[in-house]
Amino acid sequence: MDFSREFVKDVKRLIIKVGTAVVTRADGRLAVGRVGALCEQLKELNSQGYEVILVASGAVGVGIQRLRYRRLVNSSLDDLQKPQIELDGKACAAVGQSSLMALYDTLFSQLDVTSSQLLVTDSDFKNPHFRMQLSETVGSLLDLRVIPIFNENDAISTRGHPNEDSSGIFCDNDSLATLLATELKADLLVLLSDVEGLYDAPPKLPHAKMIHTYVKEKHEGEITFGDKSKVGRGGMTAKVKAAIQAAEAGIPAVITSGYATDNIVKVLQGQRVGTLFHKDAHLWAALVKEIGARELAVAARECSRRLQALSSKDRSKILMDIADALEANEKLIKAENEADIAAAQEAGYDNSFLSRLTLKPEKISGLANSIRVLADMKEPIGHVLTRMELADGLVLEKKSCPLGVLLIVFESRPDALVQIASLAIRSGNGLLLKGGKEASKSNAILHKIVTGAIPNTVGEKLIGLVTSREQIPDLLKLNDVIDLVIPRGSNKLVSQIKDSTKIPVLGHADGICHVYIDKSANMKMAKHIVLDAKTDYPAACNAMETLLVHKHFLSDGRLNKLVSELERKGVTVHGGPRASALLNISQVNSFHHEYNSMACTVEIIDDVHSAIDHIHRHGSAHTDCIITEDPKIAEIFLHQVDSAAVFHNASTRFCDGARFGLGAEVGISTSRIHARGPVGVDGLLTSRWILKGNGHVVDGDEGVVYTHKNLATQA
């Protein structure tokens, strides 16, 4: 139970207000299925001894639907040609109320529950004798396990149009529910809406964040409300106002979805559903935030332990199911991804960003295939790395095991979510993911597909999707629960994370990859490699950003031809001090620049040692390549260039987990501790020691004869 919801243990009497949007469909007719699910929850609560009072909305809407039909049936063709006069709202309320109550009576009767109807008006509450009688009547009904159903008697109310006049002691059924909660001394008010709770912006907006606990001092000025309810009088603004009034009167209130079939029950179980309004909420603000982040991490760890308990075959099956689900849901993924792309285009993002954001069918298919490669890999967990006899009958083993819980923060590249999640499952790790907001829809659907393939015996919380940037600082404090942070993004992002946490950080900031064409290079080969390294996927971190060329190629014009070929392919070529002067191209301000687009820098170099020095001064230790036919020069370059990946006569684009046969990668690390280069399953594992003895004791090492004999890893 969430600590902020512990008060539910003392709840006996509760008022539930159901909104018009919950009880009616889009066409105005009653949503019988949702009303039925509501009645089943109330029956369960009634049988558990709760005193349940219902405030029902929807009468006017239902009445409008029925009277429109009646007017249509009674109209002649000539009548239908005339402008239609707006229906009288009070007449609609009278007709709709009887229909609404008839439905509740029928449904409750099927559940062996008795309900009663109480219609009230604003003027009734001005009479103190009415208030006293109301309390006595409701008390009698509740003693008999009868569920009272309240509604404003709009048919005879003295206010104006039911959906427009907001004057009086109460102005809608939300404020009526709060009034009844105070009059009848309720312990809890539940306001059912058509959304999960209160958001800081209209819920349809991609950046909207749900507020689990409303703190007036914090949230009052931050919330942007959407349009007023189209089918009822209130909307979210009215619900928030009513909930705040109830909380200030000492009655906790929860706004939650009435579309779910068990949300009321979950609220009373203390689960963190909906938005809570409580008079003490301002005292919990810091604690609520911290525990929310901790809960995510702890849940991921618990699920990871259940994942590790599965057989290798069962873990492989999860991956196969994910691969199949990705291909089966390609159209759905495409639709959500296109929505993200459209928003990014409208926001003015450049082509390289859009390229990283885009999920084409071939990319989805490639993701599925790489996951299948992972599934077919040799079991990585529990692999015996070393085995040694310490003494007679005392054997020590070093075995591979998962790191624990990973936190991956990545920018708007949704395919990374699938790769990282698959690697986490294969390596037995729990995972928390925070993707860029620009890919929120793509990330959400991919996360849903991936977690949908995880069996209940493990739990979908194995992979948590962090949707709020505000949670990241709290997660970075959890060095007792989270074992490794891997940021995938800009240098600024990586630096910020490293400065904000005690948790080990693995990753790279920039992908400034070099290709050096040596004096002995085959220029035809060099042209193919350079064009591939730059143009195959310019937005990738392993794309060439700087081309270093031996000065030998200036004399015969082959360098000019290579630059012309790059430009013909659409690459904008910039130069260093030497190249810009000799090739008549624009000069760069800095060699330390990652374009991530169809652009690169060219510079002229004296020899291999100059090239190595340039890479060390201006590179990012990611991937660097030499093109040469001289094996001695190649070895100098391969041995001395201090980068995560160093290639000879091969495109930098090969630096990729899938191409390396790792199945996928969680990222490319330029760190020098733990893992370096493309980080696959092995990079997400650590080791532990297993000692097997037969009553052995140290006892000051008396009588222990150490043998320290290496044994075969296969027992």
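Our structure is the block above this text.
A quick note: this is a predicted structure, and the numbers were derived from the prediction, not measured.

(A) Examining the side chain of His278 more closely. For His278, the position within the fold is in the loop between strand E10 (275-277) and helix H11 (281-308). Since its relative accessible area comes to 14%, His278 is described here as buried. Here Asp280 takes part through its backbone nitrogen, which lies 3.0 Å from a polar atom of the side chain of His278. For His278, the residues in contact, after removing those within four places along its chain, are Phe7, Ala247, Pro252 and Trp284.

(B) The arrangement of the sheet that holds strand E18 (residues 544-550) in detail. In spatial order, the strands read E19-E20-E18-E17-E21-E22; together these six strands make up an open sheet with parallel pairing. At either margin of the open sheet sits one strand with a lone partner, and together these are strand E19 (572-575) and strand E22 (645-648). The average angle at which neighbouring strand axes cross in this sheet is 20°, direction not considered. Two strands pair when backbone bridges link them, and strand E17 (residues 513-517) and E18 are joined in this way by five bridges, in the parallel orientation. Looking across to E18, one finds that Cys513 is bridged to Met544.

(C) Focus on empty space enclosed by the protein. Within the structure shown, the criterion is met by two cavities of 30 Å³ or more. In this structure, the largest cavity spans a volume of roughly 70 Å³. Taken together, 14 residues form the lining of the largest cavity, with Leu38, Gln41, Leu192, Gly258 and Ala260 sitting closest to its centre. Listed by contribution, the elements that provide at least two residues to the lining of the largest cavity are helix H1 (20-23), helix H2 (32-47) and helix H10 (263-268). The leading source of residues in the lining of the largest cavity is H2, at five residues. Here the residues of the lining of the largest cavity are counted per class, giving nine nonpolar, four polar and one charged.

(D) The arrangement of the nonpolar core in detail. Formed by 48 residues in total, the largest nonpolar core has its most connected members in Leu326, Ile408, Leu431 and Ile463. Listed by contribution, the elements that provide at least two residues to this core are H11, helix H12 (312-328), helix H15 (361-375), strand E13 (405-410), helix H16 (415-427), strand E14 (430-434), helix H17 (440-452) and strand E16 (484-488). Excluding its chain neighbours within four sequence positions, the residues that come into contact with Leu326 are Ile333, Ile364, Leu367, Ala368, Ile371, Val418, Leu446 and Ile449.

(E) Summary view of helix H13 (residues 330-346). Over its 17 residues, H13 runs 24 Å from end to end, which matches the ideal 24 Å to within 8%, given 1.5 Å per residue. By the burial criterion, the buried members of H13 are Ile333, Asn337, Asp340, Ile341 and Ala344. Mapping the buried residues of H13 onto a view down its axis gives an arc of 100°, with all of them on the same face. When the buried face of H13 is taken as reference, the exposed residues oriented beyond 90 degrees from it are Lys331 and Glu346. Looking at the buried side of H13, the elements it contacts are H12, helix H14 (351-357), H15 and H17.

How each quantity is defined
Residues numbered from 1 in each chain as written. Predicted model: local features only at pLDDT ≥ 70, side-chain atom pairs only at ≥ 80, totals over all residues. Heavy atoms only, no water. Helix = DSSP H or I, 4+ residues; strand = E, 2+ residues; numbered from the N terminus. Buried < 20%, exposed > 50% of the residue type's maximum accessible area, 1.4 Å probe, protein only. Polar contact = N/O pair within 3.5 Å; in protein donor to acceptor, adjacent residues only side chain to side chain. Contact = heavy atoms within 4.5 Å. Pairing = 2+ DSSP bridges. Axes fitted to C-alpha atoms, helices over the stretch in contact; angles between N-to-C directions. 1 Å grid on protein atoms, 1.4 Å probe; cavity = no way out; pocket = protein on both sides within 12 Å on 5 of 7 lines; lining within 4 Å. Points joined across faces, edges and corners; volume = space filled by probe spheres on them. Nonpolar A, V, L, I, M, F, W, Y, C, P; charged D, E, K, R; others polar. Core = buried A, V, L, I, M, F, W, Y, C linked by side-chain atoms within 4.5 Å. Expected span 1.5 Å × (residues − 1). Arc of directions from axis to C-beta.

Without other data, these values stay purely geometric and don't point to any function.
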